[in-house]
Amino acid sequence: MSNQSINANRLLGRIRELGEIGRDGDGRLVRLAASDSEKLGRDRFVAWVKDAGLDVAVDRIGNVFGIWRPEGTGDRPPLMLGSHIDTVVNAGMYDGCYGVLSGLEVVETMKAQGFVPSRPIAVAAFTNEEGVRYAPDMMGSLVYAGGLGVEDALATMGTDGTTLGEELERIGYAGPEEPGFLQPHAYIELHIEQGPVLERESILIGAVENLQGISWQRVTIDGDANHAGTTPMSMRRDAGHAAARVITFLHDRAIASNTPTVATVGCMSFEPNAINVIPSRAAFTVDLRDPDEDRLKAEEAELVAFLDRLAEEEQVSVSVERLARFEPVKFDAKIVGLIEKAAKDRGLTCRRMTSGAGHDAQMIARIAPSAMIFVPSVGGISHNPKEFTTDGDLVAGANVLLDVVRQFAREEE
Ligand code: HGY
Ligand code: MN
Ligand code: MN
């Protein structure tokens, strides 16, 4: 068992430094995929990787890798660590960045300790994990795992009318490597929980054994613009009111279901979006999630049936576009066991758990044994500048990652 620790000041300092890169005029952290601000974050990560003496590789979808190839490890499949450094709008500073920087920290600590792993170790910063500008989310790791063609991904049109491929070219991260050029032996992702479970149960480490299914859709409702003052209620084809009914339908169903189903309408726009005009169009997104695939499918079917009824009742037309659909994922039991053992050996409380959020690990699990380590989120808050994890918990999680990596890297097989 390693009683070594990572270099806490270096890790915490880098998390804070990266957390200041990409703030907008209002001080909000906004590092959307392939944006100028994300480029600054990428450049900083690459500089740290080079300072650490690792090789840098970038693939065609912009995934960035720092690769440690110690003497004698040759071209054995690497152990892969990592996460993402793109953010949502007005983000916290830990989501994704913690896992990328901890992966680099673990490599630098092992190098400083003179520990030579039995195989190369790669630290990944995957492109567009958040999916805010270009859907679907976890896009870079999905392409890496062969779940989406790289040409299709590069041609994706963003919410701002740009295409991902052109933006990656523009920021200098349209790399030469084919996605999947480095097939991992295993993948371990350290991440903040982004939910309330660990804090509520006063547990320090989450050994994540599965991740729930995700369904993203864009719904467009078309009615008639009309005068807000002269049009009797009975004569309206009000797209705005119809959209409001969908939000209430989803919310009430999820609450009444008494299951882990969650439903969110996160984006909405009206046309013509004027105070005295009945909306002719409402366009919004639906994020449905559930750890059980059959239940998720059933909820999607319920939504389709409701939208059909709604079109009838409100005399509107409804169209739906699929943005993302990922089935629930089970992680590798052996790695989950190693995480639990590493936590126990360090005297850290630990529990197995499900991830409510999507992560790159769910995509890399398609090509290699994968699992995740969670640390507590204060107040369960994330995707919000109030996102916070204590320094002690951040360091504890990175030390568990160090121990699991040393365990893996010691194996000869
Ligand atoms: O949507 C998610 O769960 C992740 O943050 N991309
Ligand atoms: Mn994340
Ligand atoms: Mn996120």
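Here is what the cut-offs are and how they apply
Residues numbered from 1 in each chain as written. Chains lettered and ligands numbered in written order. Predicted model: local features only at pLDDT ≥ 70, side-chain atom pairs only at ≥ 80, totals over all residues. Heavy atoms only, no water. Helix = DSSP H or I, 4+ residues; strand = E, 2+ residues; numbered from the N terminus. Buried < 20%, exposed > 50% of the residue type's maximum accessible area, 1.4 Å probe, protein only. Contact = heavy atoms within 4.5 Å. Donors = N, O, S within 2.8 Å, 3.2 Å for Na, K, Ca; no water. Expected span 1.5 Å × (residues − 1). Near = heavy atom within 4 Å. Polar contact = N/O pair within 3.5 Å; in protein donor to acceptor, adjacent residues only side chain to side chain. Areas by Shrake-Rupley, 256 points an atom, 1.4 Å probe, with all protein chains shown as cover. Nonpolar A, V, L, I, M, F, W, Y, C, P; charged D, E, K, R; others polar. Salt bridge = Lys/Arg side-chain N within 4 Å of Asp/Glu carboxyl O. Phe/Tyr/Trp six-rings, centres within 6.5 Å; stacked < 30°, edge-to-face > 60°. Lys NZ or Arg CZ within 6 Å of the ring centre and 35° of its normal. Pairing = 2+ DSSP bridges.

S.K.: How do you make sense of the side chain of glutamate 314 when you look at a structure like this?
M.R.: Relative to the helices and strands, glutamate 314 is located in helix H9 (residues 293-314). Judged by its relative accessible area of 13%, glutamate 314 falls in the buried class. The residues contacting glutamate 314, other than those within four sequence positions of it, are Arg236, Arg237, His241, Ala242 and Arg245.

S.K.: Could you clarify how one ought to interpret the coordination of the manganese ion (ligand 3) in this entry?
M.R.: Each donor-metal-donor angle would ideally measure 109.5 degrees in four-coordinate tetrahedral geometry, or 90 or 180 degrees in six-coordinate octahedral geometry. Bound to the manganese ion (ligand 3) on the protein side are Asp95 (OD), Glu130 (OE), Glu130 (OE) and His383 (NE2), at distances that span 2.1 to 2.7 Å. Metal-to-metal, the separation of the manganese ion (ligand 3) and the manganese ion (ligand 2) is 3.5 Å; aspartate 95 coordinates the two. In this pair, aspartate 95 is assigned in the loop between strand S3 (79-84) and helix H3 (97-112) and glutamate 130 in the loop between strand S4 (121-126) and helix H4 (139-144), connecting sequence segments 35 residues apart. Note on aspartate 95: relative accessible area 6%, which makes it buried.

S.K.: When you look at the environment of alanine 33 in this model, what are you seeing that I'm missing?
M.R.: Along the chain, the position of alanine 33 falls in the loop between helix H1 (8-19) and helix H2 (36-51). Among the residues examined, alanine 33 registers a relative accessible area of 2% and is labelled buried. The spatial distance from the C-alpha of alanine 33 to the C-alpha of phenylalanine 126 is 9.9 Å, given a sequence separation of 93 residues. Those residues in contact with alanine 33 that sit more than four places away from it in its chain are Glu38, Asp86, Asn128, Arg133 and Tyr134.

S.K.: Could you clarify how one ought to interpret H2 in this entry?
M.R.: Two residues of an α-helix separated by three or four positions point the same way, owing to the 3.6 residues in each turn. For H2, which comprises 16 residues, the first-to-last C-alpha distance of 23 Å matches the rise-based estimate of 22 Å (1.5 Å per residue) to within 8%. Ser37, Glu38, Gly41, Arg42, Phe45, Val46, Trp48 and Val49 are the residues of H2 that are buried. Buried-residue contacts for H2 involve H1, strand S1 (55-58), strand S2 (64-68), H3, S4 and helix H6 (164-171). The positive-phi residue at the C-terminal boundary of H2 is glycine 53, with phi of around 80°.

S.K.: For this particular structure, what's the right way to read the site of ligand 1?
M.R.: Around ligand 1 sit Glu129, Glu130, Asp137, Met138, Trp216, Arg289, Ala357, Gly358 and His383, and those are all the residues in its vicinity. A distance of 2.7 Å is found between an oxygen atom of ligand 1 and a side-chain nitrogen or oxygen belonging to arginine 289. Burial of ligand 1 by the surrounding chains reaches 95%, relative to a free accessible area of 210 Å². Considering only residue class, the shell around ligand 1 consists of 3 nonpolar, 2 polar and 4 charged.

S.K.: Help me understand the side chain of histidine 191, please; the structure alone is not making it clear to me.
M.R.: Of note, histidine 191 is situated in strand S5 (residues 186-192). Polar side-chain contacts of histidine 191 include one of 3.0 Å to the side chain of aspartate 95. Filtering out sequence-adjacent residues up to four positions away, histidine 191 remains in contact with Ser83, His84, Asp95, Gly96, Tyr98, His359, Met372, Ile373, Phe374 and Val375.

S.K.: Please clarify how the pattern of salt bridges should be interpreted in this entry.
M.R.: Oppositely charged side chains can pair when the atoms bearing their charge come close. Following the criterion strictly, the structure yields 34 salt bridges and no others. We note a salt bridge from glutamate 167 to arginine 170, for which the minimum N-O separation is 2.8 Å. Of this pair, glutamate 167 and arginine 170 are both found in helix H6, 3 residues apart, which corresponds to roughly one turn of the helix. Between arginine 218 and glutamate 321 there is a salt bridge, and its shortest N-O distance comes to 2.7 Å. Of the two residues, arginine 218 is situated in strand S7 (residues 213-222) and glutamate 321 in strand S13 (residues 317-326); the sequence distance between them amounts to 103 residues.

S.K.: Looking at this structure, how should I read the packing of aromatic side chains?
M.R.: A complete count under the given rule lists 8 aromatic pairs for this structure. Centre to centre, the rings of phenylalanine 65 and phenylalanine 181 are 5.4 Å apart; their planes meet at 80°, and the pair counts as edge-to-face. Here phenylalanine 65 is found in strand S2, whereas its partner phenylalanine 181 is found in the loop between H6 and S5, with 116 residues between them in sequence. An aromatic cluster is defined as three or more aromatic residues linked by ring pairs; in this entry it consists of Phe65, Phe126, Tyr144, Phe181 and Tyr187. Sitting over the ring of tyrosine 173, arginine 42 keeps its end group 4.9 Å from the ring centre.

S.K.: Would you take a moment to explain the coordination of the manganese ion (ligand 2) for this structure?
M.R.: Protein coordination at the manganese ion (ligand 2) comes from His84 (NE2), Asp95 (OD) and His191 (NE2), with a distance range of 2.1 to 2.3 Å. One chain supplies every donor to the manganese ion (ligand 2), and in sequence these donors are spaced H-x10-D-x95-H.

S.K.: Quick question: what am I supposed to make of the pairing of strand S12 (residues 281-290) here?
M.R.: Every other side chain in a regular strand lies on the same face of the sheet, so the side chains alternate between the two faces. Counting buried residues in S12 gives 9 out of 10 residues, a clear majority hidden from the surface. Inspection of the sheet shows strand S10 (residues 268-271) paired to S12 by 4 bridges, in the antiparallel sense. Among the inter-strand pairings, glutamate 271 is bridged to a residue of S12, identified as arginine 281.

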